[in-house]
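Read off the chains here:
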Amino acid sequence: LLDGAFPWQGDWYRRKVASENPGKEKECFRIWYMDNCYHDDRYHTVDETRITSYVGALHQALLELSDWVEKGVDPAESTVYDVVDSQVVIPETADARGGIQPVVELKAARKAEGTDGAKSDWSDCVRVPLGETVSFRARADTPGGHGEIVSLAFSFEGEQGFAQAALQLSGSGTGKEAYAEHTYEKPGDYIAAVRVLSHLTGDPRDILAQPANIARVRVICE
């Protein structure tokens, strides 16, 4: 959806397929929109904290297409979307969105205010004094349980290498969540990020078929 070649072209092609196959679109076609992805089929992007690769999703698509053609196993449903003023708009949650890409939410809070799971002050932006610890909470899910979350990893100060965190079931019991803490040693305006990876059968070792997504929060350290 960050494609410079205009994502709405996928919808144009979907409508062409539908017009040639009246009432049978779902029997022969899927379109999966990928959030936070650019037109670049490499594993590593120009900025891992702002753009994520769609290569893992491409590999999963090839596997699901093969099963569809050879074994009659239906792939994941198409992404739910609207085209509004030439922009492709997708729902916020994984189950509402569909497709195969995991959806992740990242929130931050001041450590001094406590970090238990029942907190109500998790935010998209926190302001902290220099040297105070910031807590982070990431929650991820897959569309309709299609696949399993296998990784949640954090980048706190724009570092391109993400640090893996321990996974646990989310409060709803349908996805995974992870917590992390970080102390900023220099004043500044930081963007912290989390990257989520999923796998169709939950195998974290199969790195060739792991759709990815990212989420970010702002931390102002004074």
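Up top you'll find the structure we're talking about.
These numbers come from a predicted model, not from an experiment.

### A word on the overall build of the protein
Regarding its fold elements, the protein presents 4 helices and 11 strands. On C-alpha atoms alone, the protein measures out to a radius of gyration of 19 Å, which is about the 17 Å that the 2.2 N^0.38 rule sets for 222 residues. Across its three principal directions, the C-alpha atoms of the protein cover 60 × 35 × 30 Å. A total of 222 residues make up the protein; the buried ones form 44% of that total. For the protein, contacts bridging at least 24 residues in sequence account for 65% of all contacts bridging at least 6. Accessible area of the protein: about 11800 Å², with a carbon and sulfur share of 52%.

### Side note on the environment of Tyr184
Along the chain, Tyr184 turns up in the loop between strand 9 (176–183) and strand 10 (188–199). Distance from Tyr184 to Gly171, taken between C-alpha atoms, is 28 Å for residues 13 residues apart in sequence. A distance of 2.9 Å separates the side chain of Tyr184 from the backbone oxygen of Phe156, its partner in a polar contact.

### Description of the pairing of strand 4 (residues 125–128)
Residues Val126 and Val128 line the buried face of strand 4, whereas the alternating positions Cys125 and Arg127 sit on a face that is not buried. Pairing between strand 4 and strand 11 (residues 212–221): 4 bridges, direction parallel. Bridge pairing links Val128 to Cys221 in strand 11.

### Considering the sheet that holds strand 10
As summarised here, the arrangement of the 5 strands in space is 4-11-10-6-7, forming an open sheet in which the pairing is mixed. Every other strand in the sheet has two partners, leaving strand 4 and strand 7 (163–164) as the edge strands with one partner each. Note that strand 6 (residues 148–155) and strand 10 share 7 bridges and pair antiparallel. Considered in strand 10, the bridge of Phe154 is made with Val194.

### As for the pairing of strand 10
Relative to strand 11, strand 10 runs antiparallel, the two being bridged by 10 bridges. Pairing of Ala192 across the sheet is with Val217, part of strand 11.

### Things to note about the side chain of Arg97
Inspection of the secondary structure puts Arg97 in helix 4 (residues 94–97). Overall, the relative accessible area of 5% leaves Arg97 in the buried class. Sequence-distant contacts of Arg97, defined by excluding residues within four places in its chain, comprise Asp35, Ser78, Thr79, Val80, Ile90, Pro91, Glu92, Val103 and Asn213.

### Quick look at the pattern of salt bridges
Evaluated as defined, the whole model comprises 18 salt bridges. In this structure, Glu25 and Arg14 form a salt bridge, with 3.3 Å as the shortest nitrogen-oxygen distance. Within this pair, whereas Glu25 is found in helix 2 (residues 25–28), its partner Arg14 is found in helix 1 (residues 8–20), the two being separated by 11 residues in sequence. Here Glu25 and Arg14 have matching classes, each one buried. Several salt bridges converge on common partners, so that one network encompasses Asp11, Arg14, Arg15 and Glu25.

### Describing helix 1
Here helix 1 spans 19 Å end to end across 13 residues, near enough to the 18 Å set by a 1.5 Å rise per residue. Listed in full, the buried residues belonging to helix 1 are Asp11, Arg14 and Val17. Taken down its axis, helix 1 places every buried residue within 115° of arc, on the same side. On its buried face, helix 1 is in contact with helix 2 and strand 1 (82–84).

### Digging into the environment of Ser78
Considering the arrangement of structural elements, one finds Ser78 in the loop between helix 3 (55–71) and strand 1. Excluding anything up to four places from it in sequence, Ser78 contacts Phe29, Arg30, Ile31, Trp32, Arg97, Gly98 and Gly99. Looking at Ser78, its side chain comes within polar contact range of the main-chain nitrogen of Ile31, at 3.0 Å.

About the thresholds
Along each chain, the written sequence defines residue order, and numbers are assigned to residues from 1. Given that this is a predicted model, residues contribute local features only at a pLDDT of at least 70 and side-chain atom pairs are listed and counted only at 80 or more, while totals for whole chains, interfaces and linings are drawn from all residues. Only hydrogens and water are set aside when side-chain values are computed; all heavy atoms of the structure are taken into account. For helices the rule is a DSSP run of H or I covering at least 4 residues; for strands it is a run of E covering at least 2, with both sets numbered from the N terminus onward. As defined in this context, the radius of gyration uses C-alpha atoms, and a globule is described by 2.2 Å times the residue total to the power 0.38. To sort residues, take the accessible area from a 1.4 Å probe on protein chains only and compare it with the maximum for the residue type: under 20% means buried, over 50% means exposed, and anything in between is partly exposed. A contact between two residues is defined here by any heavy atoms of the two lying within 4.5 Å. The protein chains shown are the only cover counted for residues, whose accessible areas, like all others here, come from Shrake-Rupley with a 1.4 Å probe. Any pair of N or O atoms that falls within 3.5 Å is considered a polar contact. Within protein, one atom must be able to donate a hydrogen and the other to accept it, and sequence-neighbouring residues count only if both atoms are side-chain atoms. Strands qualify as paired when DSSP identifies two bridges or more between them. Salt-bridge detection follows one rule: a side-chain nitrogen of Lys or Arg within 4 Å of a carboxyl oxygen of Asp or Glu. Each helix should span, by expectation, one fewer than its residue count multiplied by 1.5 Å. Note that the arc is computed from the directions linking the helix axis to the C-beta atoms.

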